[in-house]
Amino acid sequence: MGYLDGFWVTLKQVFQERVTSEYPQEKRPKPIRHHGRHVLNRYQDGMEKCIGCELCAGVCPARCIYVRGADNPPEAPVSPGERWGFVYEINYLRCIHCDLCVEACPTEAITESKLFEFSFTNRSDAIYTRSELLVGDDGRPQTLPWEDWREGDDQHTSAWMRATSPNGSAAYEGRVSWSGELGYGVRAPEAGQSGDPRPTTEEGESA
Amino acid sequence: MTGDPLFAEGVDWVVVAFVVVKALIGFSIVMVGVIFMIWFERKVVADMQNRIGPNRAGRWGLGQTLADGIKLIFKEDLKPDRSDKLIFRLAPYLSVAPAFLTFTIVPIGGVFTGGNDGAVEIFGRRTWMQVADPPVGVLFLLAMSSLAVYGIMLAGWSSGSKYPLLGSVRATAQMVSYEAALGLSVVAVVLISGSLSTHDIVAAQAGSIANWNLIATAGIPFAIFCVAATAELNRPPFDLVEAEQELVGGFHTEYSSIRFGMFYLAEFMNTITMSAIIVTLFLGGPAGPVLFGPDILWGILWFTLKVMVFLFTFVWLRGTLPRFRYDQLMDLGWKRLIPLSLGWLLVIGAISVGRDAGWSRVVTLAGAFAVGIIAWAALVGALRVAKLRGGEDEFGDLTTATDGVKT
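Residues numbered from 1 in each chain as written. Chains lettered and ligands numbered in written order. Predicted model: local features only at pLDDT ≥ 70, side-chain atom pairs only at ≥ 80, totals over all residues.

Colleague: Looking at this structure, how should I read the overall build of chain A?
Modeller: Regarding its fold elements, chain A presents four helices and five strands. Reading chain A from its N terminus to its C terminus gives the helix and strand order α-β-α-β-β-α-β-β-α. Taking all 207 residues of chain A together, 30% fall into the buried category. Relative to all contacts within chain A whose residues are 6 or more apart in sequence, the contacts with residues 24 or more apart total 66%. (Helix = DSSP H or I, 4+ residues; strand = E, 2+ residues; numbered from the N terminus. Buried ≥ 20, exposed ≤ 12 C-beta atoms within 10 Å, placed from the backbone. Contact = placed C-beta atoms within 7 Å.)

Colleague: Whenever I open this one, the overall build of chain B confuses me. Can you help?
Modeller: In terms of helices and strands, chain B carries 14 helices and two strands. In summary, chain B has a C-alpha radius of gyration of 23 Å against a globular reference of 22 Å for 407 residues, a match within 12%. The buried share of chain B, taken over its 407 residues, is 42%. Of the contacts formed within chain B by residues at least 6 apart in sequence, a portion of 77% connects residues at least 24 apart. (Rg over C-alpha atoms; globule rule 2.2 N^0.38 Å.)

Colleague: Is there a simple way to think about the nonpolar core in this case?
Modeller: In summary, soluble globular proteins display a tendency toward joint burial of nonpolar side chains. The biggest cluster of nonpolar side chains holds 94 residues, and the ones touching the most others in it are Phe225(B), Ala228(B), Met269(B), Ile278(B) and Phe282(B). Among the elements that make up this core, the one with the highest residue count is helix H10 (residues 257-282) of chain B (15 residues). Residues within four places of Met269(B) in sequence aside, it is in contact with Val30(B), Val34(B), Val96(B), Ala99(B) and Phe100(B). Core analysis: the next-biggest nonpolar cluster, separate from the first, contains 26 residues, Tyr43(A), Val67(A), Trp84(A) and Ile90(A) among them. (Core = buried A, V, L, I, M, F, W, Y, C linked by C-beta atoms within 7 Å.)

Colleague: I would appreciate a short explanation of the interface of chain B and chain A in the present structure.
Modeller: Many authors give the size of an interface as the accessible area that is lost as the parts come together. Counting residues at the interface gives ten residues for chain B, matched by ten residues for chain A. Those elements that place two or more of their residues in the side of chain B that touches chain A are helix H1 (13-48) and helix H11 (295-320) of chain B. In terms of residue count, the dominant contributor to the side of chain B that touches chain A is H11(B) (three residues). Looking at the side of chain B that touches chain A residue by residue, the classes come out as four nonpolar, four polar and two charged. (Nonpolar A, V, L, I, M, F, W, Y, C, P; charged D, E, K, R; others polar.)

Colleague: Honestly, helix H8 (residues 220-232) of chain B in this entry has me stumped. Any pointers?
Modeller: Along an α-helix, residues three or four positions apart point the same way, because every turn accommodates 3.6 residues. Residue and element names in this part refer to chain B. Helix length check: H8, at 13 residues, gives a terminal C-alpha distance of 18 Å against a target of 18 Å (1.5 Å per residue), a fit within 8%. Taking burial as the measure, the 13 residues of H8 include eleven buried ones, the bulk of the element. Looking at H8, one finds that the buried residues are Pro 221, Phe 222, Ile 224, Phe 225, Cys 226, Val 227, Ala 228, Ala 229, Thr 230, Ala 231 and Glu 232. Each element contacted by the buried residues of H8 is listed here: helix H4 (137-158), helix H5 (162-193), helix H7 (213-216), H10, H11 and helix H12 (326-357). Looking one or two residues past H8, Asn 234 carries a phi angle of roughly 55°, positive in sign. (Expected span 1.5 Å × (residues − 1).)

Colleague: Even after reading the chapter, I still don't get unusual backbone geometry, so can you show me in this structure?
Modeller: Backbone geometry follows two general trends: most residues other than glycine have a negative phi, and most peptide bonds adopt the trans configuration. Residue and element names in this part refer to chain B. Of note, the amide linkage connecting Pro 236 to Pro 237 takes the cis form, showing an omega dihedral of 5°. Mapping Pro 237 onto the fold places it in the loop between H8 and helix H9 (244-247). Its identity is not glycine, yet Asn 50 carries a phi of approximately 55°, on the positive side. The topology assignment puts Asn 50 in the loop between H1 and helix H2 (64-73).

Colleague: Help me understand the packing of helix H3 (residues 85-103) of chain B against H10(B), please; the structure alone is not making it clear to me.
Modeller: Helix packing geometry: the angle between the two helix axes and the distance between the axes. All names here are of chain B. Interaxial distance between H3 and H10 falls to 8 Å at its minimum, and their mutual angle equals 20°. One element, H3, and the other, H10, form an angle in the roughly parallel class. The element H3 and its partner H10 pack so that their crossing is left-handed. For the pair H3 and H10, contact is made by Pro 92, Ser 95, Val 96, Ala 99, Phe 100, Thr 102 and Phe 103 and by Arg 259, Met 262, Phe 263, Leu 265, Ala 266, Met 269, Asn 270, Thr 273, Ala 276 and Ile 277, respectively. A per-class count over the contact of H3 with H10 returns twelve nonpolar, four polar and one charged. (Axes fitted to C-alpha atoms, helices over the stretch in contact; angles between N-to-C directions. Parallel < 35°, antiparallel > 145°, perpendicular 65-115°, else oblique. Left-handed = near helix turned anticlockwise from the far one by under 90°.)

Colleague: How should the sheet that holds strand S5 (residues 127-128) of chain A be read in this particular structure?
Modeller: What holds strands together in a sheet is hydrogen bonding between their backbones, with the strands either parallel or antiparallel. All names here are of chain A. Taken together, three strands build an open sheet; the order of strands is S2-S3-S5 and the sheet is antiparallel. A strand with exactly one partner marks an edge of an open sheet, and here the two such strands are strand S2 (65-71) and S5. The pairing of strand S3 (residues 83-91) with S5 spans two bridges and is classified as antiparallel. Across the sheet, the residue bridging to Asn 91 is Ile 127, located in S5. (Pairing = 2+ DSSP bridges.)

Colleague: Just to check I follow, could you spell out the pairing of strand S2 (residues 125-128) of chain B for this structure?
Modeller: Walk down a regular strand and you will see the side chains alternate between the two sheet faces. Residues and elements named next belong to chain B. As judged from the four bridges shared by strand S1 (residues 119-122) and S2, these two strands associate in the antiparallel manner. Following the sheet pairing, Ile 122 is matched in S2 by Arg 125. With antiparallel pairing between neighbouring strands as the criterion, S1 and S2 make up a hairpin whose turn holds two residues, including Phe 123 at a positive phi of roughly 50°.

Colleague: Please clarify how the confidence of the model for chain A should be interpreted in this entry.
Modeller: When pLDDT is low, close inspection of the predicted coordinates is not appropriate. All names here are of chain A. Averaged over every residue, the pLDDT of chain A is 78; the share at 70 or more is 76%. Long-range and interchain partners of residues 161-166, a stretch whose pLDDT sits below 50, account for 17 contacts in this model, where long-range means more than four residues apart. The model gives residues 197-207 a pLDDT under 50, and that stretch makes 31 contacts with residues more than four places away or in other chains. (pLDDT = per-residue confidence, 0-100.)

Colleague: For this particular structure, what's the right way to read the environment of Phe74(B)?
Modeller: Along the chain, Phe74(B) turns up in the loop between H2 and H3. Sequence-wise, Phe74(B) and Ile258(B) are 184 residues apart; in three dimensions their C-alpha atoms are separated by 8.0 Å.

Colleague: Would you mind going over the environment of Asp154(A) with me for this structure?
Modeller: Residues and elements named next belong to chain A. Summarising the element assignment, Asp 154 is placed in the segment after helix H4 (130-133). By the C-beta count within 10 Å, which is 23 here, Asp 154 ends up buried. When the C-alpha atoms of Asp 154 and Asp 125 are compared, they prove to be 21 Å apart, with 29 residues separating the residues in sequence.

Shown next, in the form of structure tokens:
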């Protein structure tokens, strides 16, 4: 065929499956570690995990996180321990969803859901505050009017547990597993994980 | 042959009304054709690239062209400061008008077999199914395709900008070059059919598939015409005029709004017209078997089907072939197509003269081919000598590489 081979190549494609999907109607399943909109997690007793340490803000390459810590009110503490993040803002016009904040967080307070379909009509709306990022009492992320949550977007938001546990106990050294999620339990261990999740009962009094 | 029987009994108001209505029908056919052609091209190219293509406006995206047209009309109409305003405004119309005018000479239907002359009877008047049948139809075709150059040339020149100017310079050179090959391949058809009128050319092809000029001229003029027509249309692989990687948009870079839309319209109108012309000149126009029912409908159906085949082929070419390099384009036009069509014309001429004069067919053929081979050898020799004298040209190894393929 020589010169005419190309015509057969293009004609063949007509009868093959389309690569393009009809996006808004038909969505592909997201990867299990998809980086989307952040959530601020709570412990199972309802306490906030965030301790206002500003490590996430420090590590953020896009400088989109603003955190202010404050001492917990002794009579009604917001988080276990000394301090809590009383201001927590993420500017989604700057966020690049690199997940470094999640890596940096010592208490796994901030993690990322799989939601990426949210849009704003002005710049100030793009700044999510603590009240919007915080999960509800049942551990599920808030569904804001301009967000398009789909089935499964809110699952598997938990982060890696570090080699040392948040409470610094040496008993957990060298163990890697998922931390628990309020409302979802603990993810099944994956290849290379110990399969021995952190005892969730300790979480409430740790940190 | 005589002309259109509509004018046989003088011109009264009914005849004028007939002509106006026929022109309107022809215009609507081309416009609706363009709307579907743009959609068709986008869909087929999408298919060839495993995409979906337009699918939002209307069912299967059929309304996409209309939506684009409405969008273009409401966009801002920009005129560059340094443009020649009058010509800048005139050029899109110069581009559209020849495209439609060429379509007027295409017979889109009619029965030409069994003693019929292709006329239909409507309201007691007999007329042919084409808007006009000038006795010099084929010359009209060539004249219009020459005029189409002006639209593009003036558009690029009046824009007052460098890329459009380069695009229009390319367009002029390319279209003038391929015009020659186009014309010479049509002469073969005229020689066989014995008439310049498109109606007579179609009538001469009626009856059997062996009468089609594709067979009667042994295919070579058909092939040349198709290649030259693609180049005339500035469609891929000959779209150096627009070459967006080099010239932004070529001649229409500075155009916006509906003026740009008119160039787009003209391009697709030309595609449809050229397909219809190919079908008319080489494939018997509306000729085809009548299976059942009224034979007049079958003519239109066959004509439409044949045109569709060519429309698909144009899209297929676009989906498959990369763009020609400019020197390759000129090589193909001047060194291959024009000598080939000229030689083939001489062969066909010799055969027709020989038939009329009663010469032996074998001797005629042998003589014609002997002359053809001598001419070809002379051409190749001349090119070689020119190359030796001129020494290394600016393309250096590239040209040598193409020479290796050629010989």
